[in-house]
Amino acid sequence: MADLTPTPDRPGLHVSKPSPNAPATGSAVCHCGAKATATGDNQVRALVEGYTANRGAAHDRTGR
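Because the structure is a prediction, the values reported are computed rather than measured.

## Some thoughts on the sheet that holds strand 2 (residues 25–29)
Each strand in a sheet pairs with another by means of backbone hydrogen bonds, the pair being arranged parallel or else antiparallel.
Okay, so step 1: An order of 1-2-3 is seen for the 3 strands of this open sheet, with the pairing classed as antiparallel. The open sheet is flanked by strand 1 (12–16) and strand 3 (35–39), the only strands paired with a single partner. Here the strands of the sheet are splayed against their neighbours by 5° on average, with no regard to which way each runs.
Okay, so step 2: Relative to strand 2, strand 1 runs antiparallel, the two being bridged by 5 bridges. Each bridged residue has a counterpart across the sheet, and for Val15 the counterpart in strand 2 is Gly26.
Okay, so step 3: Packing against the sheet, helix 1 (residues 41–53) makes contact with strand 1, strand 2 and strand 3, and its axis sits at approximately 20° to strand 2.

## A word on the pairing of strand 3
Okay, so step 1: Where strand 2 lies against strand 3, 5 bridges are found, and the strand directions are antiparallel. Residue pairing for strand 3: Ser27 is matched across the bridge by Thr37.
Okay, so step 2: Counting the residues between successive antiparallel strands, the hairpin from strand 2 to strand 3 contains 5 residues, one of them, Gly33, with a positive phi of roughly 110°.

## Details of the nonpolar core
Okay, so step 1: The biggest cluster of nonpolar side chains holds 6 residues, and these are Ala24, Ala28, Ala38, Val44, Leu47 and Tyr51.
Okay, so step 2: The dominant element in this core, judged by the number of residues it contributes, is helix 1, at 3 residues.
Okay, so step 3: Setting aside residues up to four positions removed in sequence, Ala24 forms contacts with Ser16, Lys17, Ala38, Thr39, Gly40, Asp41 and Val44.

Analysis parameters
- Residues numbered from 1 in each chain as written.
- Predicted model: local features only at pLDDT ≥ 70, side-chain atom pairs only at ≥ 80, totals over all residues.
- Heavy atoms only, no water.
- Pairing = 2+ DSSP bridges.
- Helix = DSSP H or I, 4+ residues; strand = E, 2+ residues; numbered from the N terminus.
- Axes fitted to C-alpha atoms, helices over the stretch in contact; angles between N-to-C directions.
- Contact = heavy atoms within 4.5 Å.
- Core = buried A, V, L, I, M, F, W, Y, C linked by side-chain atoms within 4.5 Å.
- Buried < 20%, exposed > 50% of the residue type's maximum accessible area, 1.4 Å probe, protein only.

Here it is, written out as structure tokens:
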């Protein structure tokens, strides 16, 4: 399986939850260079919400 962890060269969002009893983990990298990680279901949920709210045309490659 390929490494799905986002990098500055391959920005994106990756979330993992190997079992229902294990905490979720997540990592995100933006094309502007910003990056974040989270552990725990609530923290990963907040990471996903923040990533999806702050990407797209309104967030250009200069990080504005």
